[in-house]
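So you can see what is in the structure, the chains are spelled out below.
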Amino acid sequence: MSTPEQQPSDPEPGGGRESEGPEAEDRVYRSTPGMAGGVLLLAIVGWLCVDAVVSGEGRAPWLALATLLAIVPPVVAYTLLPAVYAGEDRLRVRNPFRTIVLPWGRVAALRAGYTNEVVSDTGAKYQLWALPVSLGARKRAARREMRAAGERAQGVDVRTAGRAPRAGGASRYGGAASAPGGTEAPERAPSDRAMDELRELYADRQSAASAQGEVSVCWSYEILAPTLAGVILLAVLLAVT
């Protein structure tokens, strides 16, 4: 499941955007289960390594420190760092080992299959690690939609029965959005709802003059360097043991 947040967008260089009005905020998507799993893994690894450093003998403390250095950065990279920032002018994808910035004008498609990915106009594909696909969530959403369709055919919709209508449709945090005409929109898995929002923003902004530019890819050396150092240190310690 992805959790959208709001974050101020970086100001456009050169003052291309009008100054009046509140500053636009980026939509931020993260995987809540992934972050929870990462915190749990870090707690377990930290407890085991600290225990080995404190009570270990011989090379055990050094092996524990090398293991900690080799494991912690990848765990952080795969669980805590991934995020998708959707602004008015660009899509910024922070994956485990690199960050990709794509102006909306350079985006060709947003695809949702077994993985969610963005495709640039040059054909390059970038996976959205912060929006993992859950086939189970899709099946549950499909079952709920089938039940709701049957109930609507009988004149009853359990999703709205006994509930006051919400102003402005549905929240991005869950629930079914109200389609035009007062009917409920189809049930969607959380990651699919997030992709629908990104597609809407892309359709609105792809032709904007401020949404043009070059695609940039930056590698996360702050993750790669300590991981490599930890692996090398661990290999050396195991070799001389």
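Conventions adopted
- Residues numbered from 1 in each chain as written.
- Predicted model: local features only at pLDDT ≥ 70, side-chain atom pairs only at ≥ 80, totals over all residues.
- Heavy atoms only, no water.
- Salt bridge = Lys/Arg side-chain N within 4 Å of Asp/Glu carboxyl O.
- Helix = DSSP H or I, 4+ residues; strand = E, 2+ residues; numbered from the N terminus.
- Buried < 20%, exposed > 50% of the residue type's maximum accessible area, 1.4 Å probe, protein only.
- pLDDT = per-residue confidence, 0-100.
- Contact = heavy atoms within 4.5 Å.
- Axes fitted to C-alpha atoms, helices over the stretch in contact; angles between N-to-C directions.
- Parallel < 35°, antiparallel > 145°, perpendicular 65-115°, else oblique.
- Nonpolar A, V, L, I, M, F, W, Y, C, P; charged D, E, K, R; others polar.

1. A short note on the pattern of salt bridges
So, step 1. Applying the stated criterion across every chain yields a total of five salt bridges.
So, step 2. Salt-bridge contacts for aspartate 121 lead to arginine 106; the nearest nitrogen and oxygen are separated by 2.6 Å. In this pair, aspartate 121 is assigned in the loop between strand 7 (116-120) and strand 8 (125-127) and arginine 106 in the loop between strand 5 (98-103) and strand 6 (107-112), connecting sequence segments 15 residues apart.
So, step 3. A relative accessible area of 44% places aspartate 121 in the partly exposed class.
So, step 4. A salt bridge links arginine 199 to aspartate 196; the nearest nitrogen and oxygen atoms lie 3.1 Å apart. Linking arginine 199 with aspartate 196, this pair stays in helix 4 (residues 190-205), spanning three residues, or about one helical turn.

2. Considering the environment of leucine 201
So, step 1. Structurally, leucine 201 is set in helix 4.
So, step 2. On the basis of relative accessible area, leucine 201 is assigned to the buried category, the value being 9%.
So, step 3. In this structure, the C-alpha to C-alpha distance between leucine 201 and glutamate 88, residues 113 residues apart in sequence, is 7.6 Å.

3. Digging into the confidence of the model for the protein chain
Parts of the model with low pLDDT should not have their predicted coordinates read in detail.
So, step 1. Averaged over every residue, the pLDDT of the protein chain is 79; residues scoring 70 or more account for 71%.
So, step 2. Confidence, expressed as mean pLDDT per element, reaches its minimum in the protein chain at strand 1 (residues 2-8) with 58 and its maximum at strand 5 with 96.
So, step 3. Across residues 162-182 the pLDDT falls below 50, and counting only partners more than four positions away or on other chains, this stretch makes 32 contacts in the model.

4. Regarding the packing of helix 1 (residues 32-55) against helix 2 (residues 60-80)
So, step 1. Remark: helix 1 packs on helix 2, axes separated minimally by 10 Å, with the N-to-C direction vectors making an angle of 175 degrees. With respect to helix 2, the element helix 1 is oriented roughly antiparallel. Here Gly34, Met35, Gly38, Val39, Leu41, Leu42, Val45, Gly46, Cys49, Ala52 and Val53 of helix 1 come into contact with helix 2, specifically with Pro61, Ala64, Leu65, Leu68, Ile71, Val72, Val75, Val76, Thr79 and Leu80.
So, step 2. Residue composition of the contact of helix 1 with helix 2, grouped by class: 17 nonpolar, four polar and no charged.

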